[in-house]
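Reading the structure
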Amino acid sequence: MLAASCRFCGDELKQTFCDLGMSPMANSFLTAEQLNQGETFYPLHAYVCSQCHLVQLAEFESREDIFEDYLYFSSFSQSWLDHAREYVSGAIERFDFNENSQVIEIASNDGYLLQYFVEAGIPVLGIEPAANIAAVAVDKGIPTRSKFFGVDTAQQLKDEGIEADLLIGNNVLAHVPDLNDFVAGMRIVLARNGYITMEFPHLLQLIECNQFDTIYHEHFSYFSLLTASSVFRMHGLRIFDVEELPTHGGSLRIYACHENSSTHTVTSAVGRVLDEERALSLDTIDGYLSYSTRVEQVKHGLLEFLIETRRRGLTAVGYGAPAKGNTLLNYCGIRNDLLDYTVDRSPYKQGRYLPGTHLQIHDPDFIRETKPDYVLILPWNLADEIKQEMAYIRDWGGQFVVPIPTTTVLP
């Protein structure tokens, strides 16, 4: 059932941003035994709030059902590990963290980032709701609590005397159904002179680069800096700096502190990004109204390419089993009549099947055996890393293809 009101400001939701039809939960991978059982599909319909311009989905399954047993492990991407290491080095240098500091990461996954603070001798604590992933982090020697974050968890930590000099959240803000509870919790656990850094895909890039496949049920909200600033400000937090990052097809890293903190003045980067968003009319409802037409054009282009590939007697397979890939394939109706299978580096996904489309997930070495003509890179944001890793497909004349922002055969 449609959530009738905006999860931030409470205004009634009436305006469609993008309707991707019906789709299963993007990370609900199937075993062979489940292939002949029923699957639940939900509307994948993104709305934009006419008041605060937060783009959002309705909530169909609880956060417990989605995240308590999860199959996404951050450490399987080398480029993401490199990104995390670089961030840690820069944060230590910029804010002068040491053995007396406390770093807390929300949605810390398998310790992909906190491990580098540990190596530097800086105390850390991870908050990770997926118990199976939290256990992996603990095995690495990274203190981790398997909890959802919000006001209750933040107050519990504060009551124990734990406050964050640095509070980190990478690609978690979008996953939060109760946005106000989450941000209010950050204010509680943040030390008086502490800092927050949050990374999230930039809505501006989603619109400009046709990144509709990043819309899936596990992502409840999609942020511009304009909207993020309003959310933080409402909860007594101030964004004082922002960086534009290449990760996930274009992300923002925001820096925030308590509203009354005199530690940092607002940098010119904040005004520059806000101006970029206003230039795209993201401060008015008009900036959101034509997106659905562009999404349909991407769908038609990908289907035309795959159908023509089959007509020519050529083969195409997928690389990766990311959530964004499942949105793309289900929206386009692509099954094994157009794509033979997909592969993924994660052993937790290998041998399973994609939700909805039922494509089997193999080890990447399977591509060597079958020698496909085309490899469709579903995590297109990692195309450079994957091209390098799988360069051997050139030996038999294989080529890489990306579907976003338009279907393109890579040189």
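The structure under discussion appears in the preceding block.
No experiment lies behind these values; they were computed from the predicted model shown. (Residues numbered from 1 in each chain as written. Predicted model: local features only at pLDDT ≥ 70, side-chain atom pairs only at ≥ 80, totals over all residues. Heavy atoms only, no water.)

What follows covers the overall build of the protein. The secondary structure content of the protein amounts to 13 helices and 17 strands. A globule of 411 residues ought to have a C-alpha radius of gyration of about 22 Å, and the protein, at 21 Å, matches this closely. Evaluated residue by residue, the protein yields a buried proportion of 56% over its 411 residues. Pairs at least 24 residues apart make up 71% of the contacts formed inside the protein by residues separated by at least 6 positions. (Helix = DSSP H or I, 4+ residues; strand = E, 2+ residues; numbered from the N terminus. Rg over C-alpha atoms; globule rule 2.2 N^0.38 Å. Buried < 20%, exposed > 50% of the residue type's maximum accessible area, 1.4 Å probe, protein only. Contact = heavy atoms within 4.5 Å.)

It is worth spelling out the pattern of salt bridges at this point. As enumerated under the stated definition, the model contains twelve salt bridges in all. The partner of Arg-278 in a salt bridge is Asp-275, with the nearest N and O atoms 3.5 Å apart. Of this pair, Arg-278 and Asp-275 both sit in helix α9 (residues 268–279), three residues apart, which is roughly one turn of the helix. Using a relative accessible area of 39% as the deciding quantity, one classes Arg-278 as partly exposed. (Salt bridge = Lys/Arg side-chain N within 4 Å of Asp/Glu carboxyl O.)

What follows concerns the nonpolar core. Phe-17, Phe-182, Met-186, Ile-215 and Ile-367 are the most contacted members of the largest nonpolar core, which has 104 residues in total. Top contributing element to this core by residue count: helix α10 (residues 291–311), with seven residues. Once residues lying within four places of it in the same chain are set aside, the contact partners of Phe-17 are Ala-46, Tyr-47, Val-48, Val-55, Leu-203, Leu-206, Ile-207, Ile-215, Tyr-288, Tyr-291 and Ser-292. In terms of nonpolar packing, the next biggest core, distinct from the first, is built from 24 residues, Tyr-116, Leu-166, Tyr-255 and Cys-257 among them. (Core = buried A, V, L, I, M, F, W, Y, C linked by side-chain atoms within 4.5 Å.)

Attention shifts here to the sheet that holds strand β2 (residues 42–48). Spatial ordering of the open sheet is given by β1-β2-β3-β9, a layout of four strands whose pairing is antiparallel. What marks the edges here is a single partner per strand, and that holds for β1 (15–23) and β9 (221–222). Where β1 lies against β2, six bridges are found, and the strand directions are antiparallel. If you follow Asp-19 over to β2, its bridge partner there is His-45. (Pairing = 2+ DSSP bridges.)

With that settled, the discussion passes to the pairing of strand β16 (residues 399–402). In terms of strand pairing, strand β15 (residues 374–377) meets β16 through three bridges, oriented parallel. Counterpart to Tyr-374 in the pairing with β16 is Gln-399. The parallel pair β15 and β16, bridged by helix α13 (residues 383–389), forms a crossover whose chirality is right-handed. Relative to strand β17 (residues 408–409), β16 runs antiparallel, the two being bridged by two bridges. In the sheet register, Val-401 faces β17, and the bridge partner there is Val-409. In this structure, the hairpin formed by β16 and β17 is closed by a connection of five residues. (Right-handed = clockwise from strand over helix to strand, strands pointing away.)

The end-to-end C-alpha distance of α9 is 17 Å, a good match for the 16 Å that twelve residues give at a rise of 1.5 Å each. Listed in full, the buried residues belonging to α9 are Ala-269, Val-270, Val-273, Leu-274 and Glu-277. Each buried residue of α9 sits inside an arc of 135 degrees when the element is viewed along its axis, so together they form one side. Opposite the buried face of α9, by more than 90 degrees, sit the exposed residues Ser-268 and Ala-279. For α9, the secondary structure elements touched by its buried residues are α7 (203–208), α8 (225–234), β10 (237–245) and β11 (251–258). In the stretch just after α9, Ser-281 is the one whose phi turns positive, near 65 degrees. (Expected span 1.5 Å × (residues − 1). Arc of directions from axis to C-beta.)

This next bit is on the state of the cysteines. For the structure shown, the criterion picks out zero disulfides. Cysteine Cys-18 shares no disulfide, and the gap to the nearest cysteine sulfur, in Cys-332, comes to 11 Å. Looking at Cys-209, it has no disulfide partner, and the nearest cysteine sulfur is the one in Cys-18, 15 Å off. (Disulfide = S-S within 2.5 Å.)

On to unusual backbone geometry, then. Here the residue pair Ile-404 and Pro-405 is connected by a cis peptide bond, since its omega of 5 degrees sits within 30 degrees of zero. In this structure, Pro-405 sits in the loop between β16 and β17. Its identity as a non-glycine residue notwithstanding, His-53 has a phi of 65 degrees, on the positive side. Within the element layout of this structure, His-53 appears in the loop between β2 and β3 (55–56). Its identity as a non-glycine residue notwithstanding, Ser-281 has a phi of 65 degrees, on the positive side.

The next point concerns the environment of Cys-257. Secondary-structure assignment places Cys-257 in strand β11. Owing to a relative accessible area of 1%, Cys-257 belongs among the buried residues under this scheme. Through-space distance from the C-alpha of Cys-257 to that of Met-198 is 11 Å; in sequence the pair is 59 residues apart. Residues in contact with Cys-257, not counting those within four places in the same chain, are Leu-190, Gly-194, Gly-236, Leu-237, Arg-238 and Phe-240.

Glancing now at the sheet that holds strand β4 (residues 103–106). Ordered by their spatial adjacency, seven strands build an open sheet running β6-β5-β4-β7-β8-β11-β10, and the pairing between neighbours is mixed. Only two strands of the sheet have a single neighbouring strand rather than two, namely β6 (144–145) and β10. Summarising the sheet, strand β8 (residues 190–201) and β11 pair through six bridges and their orientation is antiparallel. The residue bridging Ile-196 from the neighbouring strand is Ala-256, located in β11. Most of the contacts of helix α6 (residues 179–189) go to β8, to which it runs at about 145 degrees, and overall it touches β4, β7 (164–170), β8, β10 and β11. (Axes fitted to C-alpha atoms, helices over the stretch in contact; angles between N-to-C directions.)

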